[in-house]
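Each chain is listed here by its residues.
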Amino acid sequence: MRRSMIAGLAAGMSFLAINAAQAVEIDYWQYVFDTRVQAMDQLIANFEEANPDITVNHQTFPYADYQTRVVAANVAGQGPDVVQLFYGWLDNFIAGELIQPLDPAVFPTEDIEGEFFPIVSAMERDGQYWGLPTAVRSLALFYNKNIFEEAGLDPESPPQTLDELLAAAEATVQRDGGGNITRVGIAMGMAGQDHQWWREGLIRQFGGQPYSDDGTQVTYNDEAGIAATTWQADLYRGDAPVTQIGFMDEPQAAFRAGMAAMTIDGTFRLGAFSEITDFEWGVTELPANDEGVRSNYASYFANAIGVRAEGEELEAAQKFLAYISSPEAMEIWLEVVGELPARQDVALTEENLADPIYGPFLAGLEYAQTTIFVDEAAQRQVAIDMETRISLQGQEPADSLAQAAQEEQAILDAFYSR
Amino acid sequence: MSAAVSDTSRNGLWDRFSIGQKRVIWAWTFLALPIVFYGAIRFYPTFQAFWLSFTNWDLLRPAQFIGVQNYVTLVNDPQFWQVFRNTFAYLIIGTPISLVLSFLIAYYLDRVRFMHGFIRALYFLPFLTTAAAMAWVWRWFYQPPPIGVINGFLGSVGLPAQPFLRSLEQGLPSIMVTAIWAGLGFQIIIFMAGLRAIPSTYYEAARIDGLGEWAILRKITLPLLKPTTVFLVVFSSIGFLRIFDQVYNMTTNDPGGPLNSTKPLVLMIYQTAFSSFNMGYAAAQTVVLFTILLIVSLLQLWVLRTR
């Protein structure tokens, strides 16, 4: 009696084991953003069709506590097999042992470096790659064609240099009788994307470099940095500014409402701006400096393999990661989300380059930089505070920049000294 | 317990207890649930926070004991002292204004018969509204021209536009106005309940003795309203010391800004913990907040105690 029970149990267990071998389940985590969730659902459906033995559980969390969830799950001894992360979180995710390096046998380093845009190197540490992006984002200048036309500017030839940008902003800004700005020439704010434009765009265009090559030192507090910061600050200070920080709360809100002739924003804003029906808008590359030098900031969310994936699950996770980084997945992502493919050959097709909207963003990718953040929110706050000291306290850009450099260096030191 | 032990005690352990003992056992049985709940949900995390404040835990790596290092950092952090001043500004300005205002409104509303219920409901309405929704509406009120309603009004009567939230001086008062307005309804209702609880015979006697309104207010209403006032002072102080929703929602682009001029302690704790993942440092700030709340509450109870 007892023996038969044990035999039965054993048989049941082996049956379960066979079942498990036939059907592997893996968890995929990302944050909630409508189109991203839709695109991923579509990718998972395609993947499961091609791999009937693998089931992918798609779980999403609000962006505000996404990182906390991943970290907390890991503390509790759980976590996803494939996880999405912002490239800037990589050091924290490695230090926290949340993810494992990609196996070079499955994801050969030379293939990654040859096929993806160079900014993928932000996912590399000590020769090992830790994740791959599906899509990348860059910045561009959005402009309101109706306002341009009304101000006597050619809506089909948007500003191409910093001087032209300033001239266009001066031509389009509007004030009321009391001198209050009622429509800005360019909607701005470090709280939006302008801290990226300042860091990787302007500072480099004025001949500087924001950080040392290893990312541990702030290097923007020099003449180039002062020149770049002063040029940007002159847009909102002085007797006849072309913009006002905090105008309509957020730059993108001002632009959407047709109260801004221009704004600098990323690919991720295309979805929101596509709903605009009141006016025609266009996109152009970030303006060049006098010598024609352009610089852009690119960023991305990458997918990495969770530290707990082993054996069959690891194999399934690798297959899934390979699929969501494939050309097919990138095309779906571009179509559904509007984000640019991370592989050069998928992105730089003639059709995409000729596209009036994707074109300028793609062009930007070729000269884009990625900032290695250690605490993105805190580092952005340094830039916001720098701008506030200039705009509200009337501090000189050079002094404000010096203080910002000191504050940001303290953040870097605290991180790298651990 | 002196109650006699029953003869049937041999029937079982339970019967050997006296009635008094049984009562105690029952009482503790019922109390056990909330005690366990409070122990696990409230006190355990509280003590955990005390311990964490002596570590450098960042959620990712194991916590290391670093002694009082977090507190040393805190004392030397200029942002902390700025935030400390802000928190007390919310408390010291916000509490008296909101109490005086709500008392005045309750005092006069108590005498209004015309549409009394409707007016009272209007005052109470903001209290029912989500803080986040309210904060966003006010945030748009405060916008610079041509968007903000308040600046639109100022412009129409020929006054210069005010920066409100985009100002180092006006930011904190602007948020405080919203917070006071949000809490007003509740305080008015409590004050009115307190006013109604004072027996009308006292007023009648005072009027027969020929006392004026001012004397009645000073000698009867205010002294008899003391328990209500004590409750509201403590309640509203704790509310202002813990202010977060209004500030966070009205300054999301630059939380607690500009330049930390509106940032209260709770927002600093939130950012340290859930944006920088510096749990140990955040725990140290929490311990400081806990201590402040404790001292302020005890101080108020002592000052307003019944002699």
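Residues numbered from 1 in each chain as written. Chains lettered and ligands numbered in written order. Predicted model: local features only at pLDDT ≥ 70, side-chain atom pairs only at ≥ 80, totals over all residues. Heavy atoms only, no water.

**Focus on the overall build of chain B**
Of regular secondary structure, chain B possesses 14 helices and 0 strands. When the elements of chain B are put in sequence order from the N terminus, they spell out α-α-α-α-α-α-α-α-α-α-α-α-α-α. Here chain B has a C-alpha radius of gyration of 26 Å; the compact-globule value for 307 residues is 19 Å, and the former is much larger. Taken along the three principal axes of its C-alpha coordinates, chain B extends 95 × 75 × 35 Å. (Helix = DSSP H or I, 4+ residues; strand = E, 2+ residues; numbered from the N terminus. Rg over C-alpha atoms; globule rule 2.2 N^0.38 Å.)

**With respect to a nonpolar patch on the surface**
Judged by side-chain polarity, B:Phe114, B:Met115, B:Phe118, B:Leu122, B:Leu125, B:Phe127 and B:Leu128 come together as a nonpolar surface patch covering roughly 770 Å² of accessible area. Tracing the sequence through the fold places B:Phe114 in the loop between α4 (78-109) and α5 (116-128). (Patch = residues over 30% accessible without salt bridge, like charges linked within 9 Å, V, L, I, M, F, W, Y side chains within 5 Å. Areas by Shrake-Rupley, 256 points an atom, 1.4 Å probe, with all protein chains shown as cover. Salt bridge = Lys/Arg side-chain N within 4 Å of Asp/Glu carboxyl O.)

**So, the domain arrangement of chain A**
Accessible area lost upon the coming together of the parts serves often as the stated size of an interface. Residue and element names in this part refer to chain A. Each assigned domain of chain A is listed here: domain 1 (2-136 + 299-369) and domain 2 (138-298 + 372-416). Taken over C-alpha atoms, the centre of domain 1 sits 33 Å from the centre of domain 2. Contacts between the two partners involve 24 residues from domain 1 and, on the opposite side, 25 residues from domain 2. When the two sides are added together, the surface that domain 1 and domain 2 hide from each other amounts to roughly 2,000 Å², 60% of it contributed by carbon and sulfur. For domain 1, the biggest contributors to the area lost against domain 2 are Phe361, Tyr367 and Gln369; these three give 35% of the whole. Where domain 1 packs against domain 2, one counts 0 salt bridges. Scanning the region where domain 1 abuts domain 2 turns up 6 residue pairs in polar contact (both at pLDDT 80 or more). Of all elements in the fold, only α4 (90-95), α16 (358-365) and β14 (368-369) reach the threshold of two or more residues within the side of domain 1 that touches domain 2. Element by element, the count of residues in the side of domain 1 that touches domain 2 is highest for α16, at 6 residues. (Domains from an automatic or database assignment. Contact = heavy atoms within 4.5 Å. Buried area = accessible area lost by both parts, 1.4 Å probe. Polar contact = N/O pair within 3.5 Å; in protein donor to acceptor, adjacent residues only side chain to side chain.)

**What to know about the side chain of B:Asn260**
Residues and elements named next belong to chain B. Position of Asn260 among the secondary structure elements: in the loop between α12 (245-250) and α13 (265-274). A polar contact of 2.9 Å, which involves the side chain of Asn260, links it to the side chain of Lys263. If near-sequence neighbours (up to four positions away) are discounted, Asn260 is found in contact with Gln79, Gln82 and Asn86.

**Quick notes on the UniProt feature "transmembrane region" (unreviewed entry) in chain B**
All names here are of chain B. Within this numbering scheme, the UniProt entry marks residues 24-44, 88-109, 121-141, 175-198, 224-244 and 282-304 as carrying the feature "transmembrane region" (unreviewed entry). End C-alpha to end C-alpha, residues 24-44 measures 26 Å, and it is 100% helix and 0% strand. End-to-end, the C-alpha atoms of residues 282-304 are 33 Å apart, and along that stretch the chain is 96% helix and 0% strand. (UniProt positions renumbered as here; feature names shortened; annotations may be inferred.)

**Points about the nonpolar core**
A:Ile99, A:Trp197, A:Tyr220, A:Met262, A:Trp281, A:Phe320 and A:Ile324 are the most contacted members of the largest nonpolar core, which has 152 residues in total. Looking at this core element by element, the count peaks at 10 residues for helix α14 (residues 279-303) of chain B. Discounting residues that sit within four places of it in the chain, A:Ile99 has contacts with A:Val83, A:Leu85, A:Leu90, A:Phe93, A:Ile94, A:Trp130, A:Ala304, A:Ile305, A:Gly306 and A:Val307. Ranked by size, the runner-up nonpolar core spans 40 residues in total, among them B:Phe103, B:Met176, B:Ile220 and B:Phe240. (Core = buried A, V, L, I, M, F, W, Y, C linked by side-chain atoms within 4.5 Å. Buried < 20%, exposed > 50% of the residue type's maximum accessible area, 1.4 Å probe, protein only.)

**Some details on the pairing of strand β10 (residues 260-266) of chain A**
All names here are of chain A. Of all 7 residues in β10, 7 are buried; the element is thus mostly enclosed. Pairing of strand β7 (residues 132-144) with β10 involves 5 bridges; the strand directions are antiparallel. Each bridged residue has a counterpart across the sheet, and for Leu139 the counterpart in β10 is Gly266. Alignment of strand β9 (residues 181-187) against β10, held across 3 bridges, turns out to be parallel. Across the sheet, residue Ile186 finds its bridge partner in β10, namely Met262. (Pairing = 2+ DSSP bridges.)

**Focus: unusual backbone geometry**
Cis rather than trans, the peptide bond between B:Pro145 and B:Pro146 has omega equal to 5 degrees. Among the structural elements, B:Pro146 can be located in the loop between α6 (131-141) and α7 (149-156). A positive phi is found at A:Asp126, a non-glycine position, where the angle reads about 50 degrees. Turning to its location among the elements, A:Asp126 is positioned in the loop between β5 (124-125) and β6 (128-129). One non-glycine residue, B:Leu259, lies in the positive phi region at around 50 degrees. Locating B:Leu259 in the fold gives a position in the loop between α12 and α13.

**So, the interface of chain B and chain A**
Across the contact, 27 residues belong to chain B and 31 residues belong to chain A. Of the roughly 2,700 Å² buried between chain B and chain A, counting both surfaces, carbon and sulfur atoms make up 56%. Summed over the shared surface of chain B and chain A, the number is 1 salt bridge. Here A:Asp249 and B:Arg139 are joined by a salt bridge, their closest N and O atoms 2.5 Å apart. Where chain B packs against chain A, one counts 6 residue pairs in polar contact (both at pLDDT 80 or more). For the side of chain B that touches chain A, the leading source of residues is α6(B), giving 3 residues.

**Structural notes on the UniProt feature "domain: ABC transmembrane type-1" (unreviewed entry) in chain B**
On the UniProt side, "domain: ABC transmembrane type-1" (unreviewed entry) is annotated at positions that read residues 84-300 of chain B here. The straight-line gap between the two end C-alpha atoms of residues 84-300 of chain B is 19 Å; of that span, 74% is helix and 0% is strand.

**As for the packing of aromatic side chains**
Applying the stated criterion across every chain, the model contains 58 aromatic pairs over all chains. Ring centres of A:Phe273 and A:Trp281 lie 6.1 Å apart, and the angle between their planes is 70 degrees; this geometry places the pair in the edge-to-face category. A:Phe273 sits in the buried class, given a relative accessible area of 0%. The exposure class of A:Trp281 is buried, given its relative accessible area of 16%. Seen in terms of ring centroids, B:Phe50 and B:Phe290 are 5.7 Å apart; in terms of plane orientation they differ by 85 degrees. Their pairing is edge-to-face. Of this pair, B:Phe50 sits in helix α2 (residues 19-52) while B:Phe290 sits in helix α14, and the two are 240 residues apart along the sequence. (Phe/Tyr/Trp six-rings, centres within 6.5 Å; stacked < 30°, edge-to-face > 60°.)

**Focus on the side chain of B:Thr95**
All names here are of chain B. Structurally, Thr95 can be placed in helix α4. In this structure Thr95 comes out as buried when scored by relative accessible area, which is 6%. Non-local contacts of Thr95, meaning those with residues more than four positions away in its chain, are made with Tyr90, Val233, Ser236, Ser237 and Phe240.

**A word on the domain arrangement of chain B**
Domain boundaries assigned for chain B yield domain 1 (7-52) and domain 2 (72-303). For domain 1 of chain B versus domain 2 of chain B, the distance between C-alpha centres works out to 40 Å.

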